[in-house]
Number of protein chains: 2
Amino acid sequence: MLSNRFQNGMETARLVWSRLPRSEEGDLDGVGLLSTTSNRNCVESLDYEVIENYAYREEQRGKLFVGYNVGMKWFFALLIGIGTGFAAVFINISVENFAGWKFSLTFKIIQKSYLAGCLIYILINLALVFSSVYIITQFAPAAAGSGIPEIKGYLNGIDIPGILLLRTLIGKIFGSIGSVGGGLALGKEGPLVHTGACIASLLGQGGSTKYHISSRWLQGFKSDRDRRDLVTCGCAAGVAAAFRAPVGGVLFALEEVTSWWRSQLMWRVFFTSAIVAVVVRAAMGWCKSGNCGHFGSGGFIIWDISGGQEDYSFEELLPMAVIGVIGGLLGALFNQLTIYVTRWRRNYLHKKGNRVKIYEACLISVITSVISFGLPLLRKCSPCPDSDPASEIECPRAPGMYGNYVNFYCSKEKEYNDLATIFFNTQDDAIRNLFSAKTIHEFSAQSLLAFLVMFYTLAVITFGTAVPAGQFVPGIMIGSTYGRLVGIFTVNHYKKLNIEEGTYALLGAASFLGGSMRMTVSLCVIMVEITNNLKLLPLIMLVLLISKAVGDAFNEGLYEEQARLRGIPLLESRPKYEMRKMTAKEACRNQKVLSLPRVVKVADVVSILQSNKHNGFPVIDHTRNGETLVIGLMLRSHLLVLLQSKIDFQHSPLPCDPRGGSQGIRHNFSEFAKPVSSKGISINDIHLSSDDLEMYIDLAPFLNPSPYVVPEDMSLTKVYNIFRQLGLRHIFVVPRASRMIGVITRKDLLIEEETDSTTMELQSTSVRL
Amino acid sequence: MLSNRFQNGMETARLVWSRLPRSEEGDLDGVGLLSTTSNRNCVESLDYEVIENYAYREEQRGKLFVGYNVGMKWFFALLIGIGTGFAAVFINISVENFAGWKFSLTFKIIQKSYLAGCLIYILINLALVFSSVYIITQFAPAAAGSGIPEIKGYLNGIDIPGILLLRTLIGKIFGSIGSVGGGLALGKEGPLVHTGACIASLLGQGGSTKYHISSRWLQGFKSDRDRRDLVTCGCAAGVAAAFRAPVGGVLFALEEVTSWWRSQLMWRVFFTSAIVAVVVRAAMGWCKSGNCGHFGSGGFIIWDISGGQEDYSFEELLPMAVIGVIGGLLGALFNQLTIYVTRWRRNYLHKKGNRVKIYEACLISVITSVISFGLPLLRKCSPCPDSDPASEIECPRAPGMYGNYVNFYCSKEKEYNDLATIFFNTQDDAIRNLFSAKTIHEFSAQSLLAFLVMFYTLAVITFGTAVPAGQFVPGIMIGSTYGRLVGIFTVNHYKKLNIEEGTYALLGAASFLGGSMRMTVSLCVIMVEITNNLKLLPLIMLVLLISKAVGDAFNEGLYEEQARLRGIPLLESRPKYEMRKMTAKEACRNQKVLSLPRVVKVADVVSILQSNKHNGFPVIDHTRNGETLVIGLMLRSHLLVLLQSKIDFQHSPLPCDPRGGSQGIRHNFSEFAKPVSSKGISINDIHLSSDDLEMYIDLAPFLNPSPYVVPEDMSLTKVYNIFRQLGLRHIFVVPRASRMIGVITRKDLLIEEETDSTTMELQSTSVRL
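Residues numbered from 1 in each chain as written. Chains lettered and ligands numbered in written order. Predicted model: local features only at pLDDT ≥ 70, side-chain atom pairs only at ≥ 80, totals over all residues. Heavy atoms only, no water.

(A) A look at the sheet that holds strand 10 (residues 696–698) of chain A. Residues and elements named next belong to chain A. Reading across from one edge, 6-10-9 is the order of the 3 strands in this open sheet, with antiparallel pairing throughout. The sheet is open, and its two borders are formed by strand 6 (599–601) and strand 9 (649–650), each paired with just one other strand. Across 2 bridges, strand 9 lies against strand 10 in antiparallel orientation. The residue bridging glutamine 650 from the neighbouring strand is tyrosine 696, located in strand 10. Lying over the sheet, helix 21 (residues 602–611) contacts strand 6, strand 9 and strand 10, oriented at roughly 75 degrees with respect to strand 6. (Pairing = 2+ DSSP bridges. Helix = DSSP H or I, 4+ residues; strand = E, 2+ residues; numbered from the N terminus. Contact = heavy atoms within 4.5 Å. Axes fitted to C-alpha atoms, helices over the stretch in contact; angles between N-to-C directions.)

(B) Focus on the UniProt feature "transmembrane region" (unreviewed entry) in chain A. All names here are of chain A. Here, UniProt's "transmembrane region" (unreviewed entry) annotation points to residues 74–94, 114–136, 230–253, 265–284, 317–338 and 448–466. Secondary structure content for residues 114–136 is 100% helix and 0% strand, while the C-alpha to C-alpha distance between its ends is 33 Å. Secondary structure within residues 230–253 divides into 92% helix and 0% strand; the distance between the first and last C-alpha atoms comes to 12 Å. (UniProt positions renumbered as here; feature names shortened; annotations may be inferred.)

(C) Summary view of helix 24 (residues 716–726) of chain B. Residues and elements named next belong to chain B. Counting buried positions along helix 24 gives 10 out of 11 residues, so the element sits mostly inside the fold. Along helix 24, the positions that sit buried rather than exposed are Leu716, Thr717, Lys718, Val719, Tyr720, Asn721, Ile722, Phe723, Arg724 and Leu726. Just downstream of helix 24, glycine 727 is the residue with a positive phi angle, here 65 degrees. (Buried < 20%, exposed > 50% of the residue type's maximum accessible area, 1.4 Å probe, protein only.)

(D) Fine view of the packing of aromatic side chains. Residues and elements named next belong to chain A. Counting across every chain of the model gives 30 aromatic pairs over all chains. Centre to centre, the rings of phenylalanine 451 and phenylalanine 455 are 5.2 Å apart; their planes meet at 20 degrees, and the pair counts as stacked. Of the two residues, phenylalanine 451 and phenylalanine 455 are both situated in helix 14 (residues 445–462); the distance of 4 residues between them amounts to about one turn of the helix. In this pair, the class of phenylalanine 451 matches that of phenylalanine 455, namely buried. Taken together, the ring pairs in this structure connect Phe334, Tyr456, Phe463 and Phe512 into an aromatic cluster. (Phe/Tyr/Trp six-rings, centres within 6.5 Å; stacked < 30°, edge-to-face > 60°.)

(E) How the structure looks around the confidence of the model for chain A. Residues and elements named next belong to chain A. Taken as a whole, chain A shows an average pLDDT of 80; of its residues, 82% reach a score of 70 or greater. In this model residues 1–41 is a low-confidence stretch, pLDDT under 50, and it forms 114 contacts with partners more than four residues away in sequence or in other chains. Low pLDDT, under 50, characterises residues 753–769; the predicted model gives this stretch 64 contacts beyond four residues in sequence or across chains. Scored as a whole, the predicted complex attains pTM 0.85, and scored at its interfaces, ipTM 0.83. (pLDDT = per-residue confidence, 0-100.)

(F) Quick look at the state of the cysteines. All names here are of chain A. This structure, assessed with the given rule, holds 2 disulfides over all chains. One disulfide bridge connects cysteine 381 with cysteine 410, the sulfur atoms lying 1.9 Å from each other. Taking the sign of the S-S torsion, about -85 degrees here, the bridge from cysteine 381 to cysteine 410 comes out left-handed. Residue cysteine 381 is found in the loop between helix 11 (354–378) and strand 3 (382–383), and its partner cysteine 410 is found in the loop between strand 3 and strand 4 (415–416); the two are separated by 29 residues along the sequence. Accessibility assignment for this pair places cysteine 381 and cysteine 410 in one class, buried. With no disulfide of its own, cysteine 362 lies closest to cysteine 118 among cysteine sulfurs, the gap being 17 Å. (Disulfide = S-S within 2.5 Å.)

(G) Structural context of the pattern of salt bridges. Residues and elements named next belong to chain A. Taken as a whole, this structure holds 42 salt bridges over all chains when the rule is applied. Put simply, glutamate 360 and arginine 345 hold a salt bridge, and the shortest N to O gap is 2.1 Å. Of this pair, glutamate 360 sits in helix 11 while arginine 345 sits in helix 10 (residues 317–349), and the two are 15 residues apart along the sequence. In this structure, glutamate 360 and arginine 345 share a single accessibility class: buried. The partner of aspartate 429 in a salt bridge is arginine 432, and the shortest N-O contact between them spans 2.9 Å. Of this pair, aspartate 429 and arginine 432 both sit in helix 13 (residues 427–435), 3 residues apart, roughly one helical turn. Judged by relative accessible area, aspartate 429 falls into the buried class, the value being 8%. For arginine 432, a relative accessible area of 31% gives the class partly exposed. In this structure, a network of salt bridges that share partners links the residues Lys152, Glu256 and Glu560. (Salt bridge = Lys/Arg side-chain N within 4 Å of Asp/Glu carboxyl O.)

Put into structure tokens, the structure is as follows:
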């Protein structure tokens, strides 16, 4: 239903990327479909370039307009922060309440019968997971998964339809409540990044046009360029809200998600994150008084370990390096296994339709519930440690509360089940227990190993089901388990040192995330922000460096691999080595350039648009001397707007006066703005009479008069750098110039506003550039 | 002496930058001198572009070479980290020992006579400051000031000769020991950034060529492009070492210093910072056992305030916003005053030579000493607060130790002098006292106000003296003083709340730095890293946002203003508004393009090089049809190498075979590398016989065959973006193309290495770009 909307006028073109990719169909911009049966996605490039046509220049209404625009951008940053903060609080309250209610009910029933408790537990989880997968499959297919690869693609310049719609937002929020509350081996942090991006995009277009809740005065930002900034803010807000880590959010957006950055944007993103922090804190303050049920017991720091190990010795560097290596290996293995699982799902399982997706998610839910209930039953209980009156940790914990030392299926009163301590908690609380200090030997090595194997397997098979799923929290779970395992051995080996197993759990978590996601600075800051222990910063850095290096030896990062699997053609920041020896000419060797004349017959436009799927056409004009000149680039989307409105049709094949000002342009610039939520119009939707087809259009006022050009023998490395760093969609390859107009150097770009002081300054200074 | 070396062959060209800067002398690249008498600096642009000439292509010896290069880069990152870490430790140990010895001697003497103590105090300070200013004026003039504007300029693409020399490094290290140890109102953090950059650059060229301590195998990185990466690592290492803030260092380099960034670099910079953290920690661990005299008492966190205020109430947001506003105002005022002071110094004082600079620094040292000794004498002592047995703070502090509650000129035993508590400490300890918690009303409002006024004035007049001087620590001093003032009022007003004055001091420090330096994320992380209190993060963000916004309303950031005063033409990240309505053609309207033919007579080259000071020349060739073609860009520096070596001279005016491979190129690529420590050769240094002058050179193998081009009617905004984001030195402005070779889109840049898996992936996927 939804996906049909994206297929209008598109054939299933199959394009093989070879070492020298070149479209066989003479297809300028590449066309195609992601050929999974259920959600046929078609991706398209975004236009980040400013189209400096006459209409645009007309719009530039002086400095006041610029000031208004800047003000609006800050206002939107504020709104995005508030919106994302509230969304995060809503998700958290719902998850904590569902999970809390589930655990307290289960514990109440197992006082009488373990079998009944197990059944209730399985059924509640099943119901929650079913609600999630039902929402996703029936209502918002684009909301499945974490969404980070798609957002990364969007900010790299690729539009994947559907990822920023209102229905995706709704699906993401309610879907992740179900999937996380239902106890699956996945987290809510990735989906929150996508949620933030959706909120940003929807605010930017002033609401959803489809549901008629858009307001005209909010529609300030219709260009891809402005939307990109908003979505960047939204990403940062999502991370800031998910981890309550405002600085980590900014850095995550900077390091992992965006491909393009400038310092003004950093400041605005920072502001958005600060707003999120304030909103979340205010909500948590309100919840602390008991207004939010089970939610609100934690502080702003999620897993406070500041009471733990204060210092480290150099002897410990070896076991910590081992953690880094394990993290790199297990992380790379995780990435590789998820590739196989995703590919298998796409090629065999999900082809069979939505029903299979629902069965699959429900099956995984039942397996997860059975394992998490059954495994602790097999484990013998341990006696509580000698209670330390100063310690606040109770053993066993009071029933129904969160905490360490869960008494589950134990024969004696003063015993606890260490596996149940991990399994019978929300993931947040399980991690808190794993990170906890002053609980040496709380977990036995066997239990940790059993949990590691089970949970790793569950995380791999859960990855790619049709529910919103983040990989942060499962990654932290896996990492902290083997980290604590290494910690147990280290404690036994270096008995003299003051070592906390919780510290090793933290380092393990960092190492697994580093080995899988391959982030450095942002992950480091996030780990510090969520654990409130700055003293371990150098250790976290070390572990991350090792695990990333080990992981990079095997494969790419999780998000890059997933983006590739989903057919999102990310341009990495570094050009490929082979490009050094290729020239721009070689890269477009087999192209047949389809160009338009300046004044073009409507019938010709229609036939050209129908005959191919290029998104940009060079426009060529003749000077009075008969010389041909490339005068600019015309976008398909703008041509379609012209064809639909018809008001620029003219009877004469002669050009109108290009500098004639407003009489030449009857369009409002905003008509050319691309809507975010649909593919825009297709050539097949436009109906033209035979009279219309005989008329002409002068393209000069509408084309981009100065597309970027490169000489034909420039190396592809340089072309790649221009394309990637300026965020382009089209570059014209032209012959070498026959003459020079001039050379621009730094001096020509230094325009100073003339004030007394600077003039004085600059008269006494002159510079050789 | 030194400065003479930079004037060879340069006339004092005076160039007025008007709104549309255009050189009247037809000077392509701009030429000039910073017209201060004593250090005539001539700045020149850097070549970050890869010159893809045949020599370069020859050098590209396959993937092995690339791998070797990457390995070397990481090895250098390691060396930079170790070097900068040791330099920082050395500076810290020296400063702490000089200062500690000074304070303990003074306190010993004032037990007998206050006058003698005062004299000794003044003399020691004077001796230290004299040593510093003597080193700077006589030996290393480029080491004066903080060096951050110069490094910022370097990474923006402007070479200021002398800033990265070995003598500058030595001057910076020993000069800052003298100036900071001598008690001036300046810090050692800015100079450490410059130190890190110098170490990086010197390592990159394998030592100093002038002093013959360079080793050949280290000379891997001779291009401006590689050096830029190393200097970026060095900057981050400097900040990481100065504040023991590794993440803050990475972000400082990213946000404030560099103009150009990519994600691989981030990882390497992060590694360098981690190495610095490990080195500094190891050194401090060694010092803790008393090996380093007075140094080593502090931990890795400089001002630990984690024992202070844990939480904040919403009522406190108002006084905190007030702190932000004050910070913005005082910061902007500081920037403005330093502009006046610097300009006055340059135009009147420093014209009179080095002797005046020495007198000036000594005078300021005496004034500073008199004020810091005399002001506490005027202040009545306060009685010690009722001692809390749980508190570890002694009152008065034990003599000769660092700490709060200094007993100075007090009549009774149990009294302390609050002004002396600030003045009679190193700045680090004074800040620790100002930040300290659980010391409510230690400082009276009058004392704080007196200190604020005095220190602010001292900081302004000290700024710009000929010693190495950072503004971080003075900024923190000023900010924490008024922050604590606001704190006193808040404590009195909201008596019910649990408020610590130390928290307000911290926020004040953040706000002043934000108001003066206008950084956001990096400052935020640095403040958190040096104070070890993550819970205040949202408050620091808020205060920084306010103070930056207030400051931006008045003037630019400190480093931008100082760069402008020093004639460093920084290109900001955002093009000026006026550029939207200008085209590339207009920007180079008055230029006379000086081009070279492909095969050029040596005599012509010499006369062209002598007649102007352009640094790049277009090379023009003729096709067989007689058509002219712009075939590339020839750099002046490469022409000079060709003229000096003479081995490429030929008798015939016919081109050699350009694709002839090695027989065409008798040069090693490394001969074209620009040395970092001198201006390279000048045309006047090259002696050519009359026979030589009659010969020819074929430029084809040496020119850059694909310089970046823009069409003549591209708006200057777009041209600016290319220039700034790609870090260019020359852009050719050419007429519109007459025909198209092709259009490059994302698809053409997606080159996949053909493995089974990806081919399978990509066959099933195709994409419309």
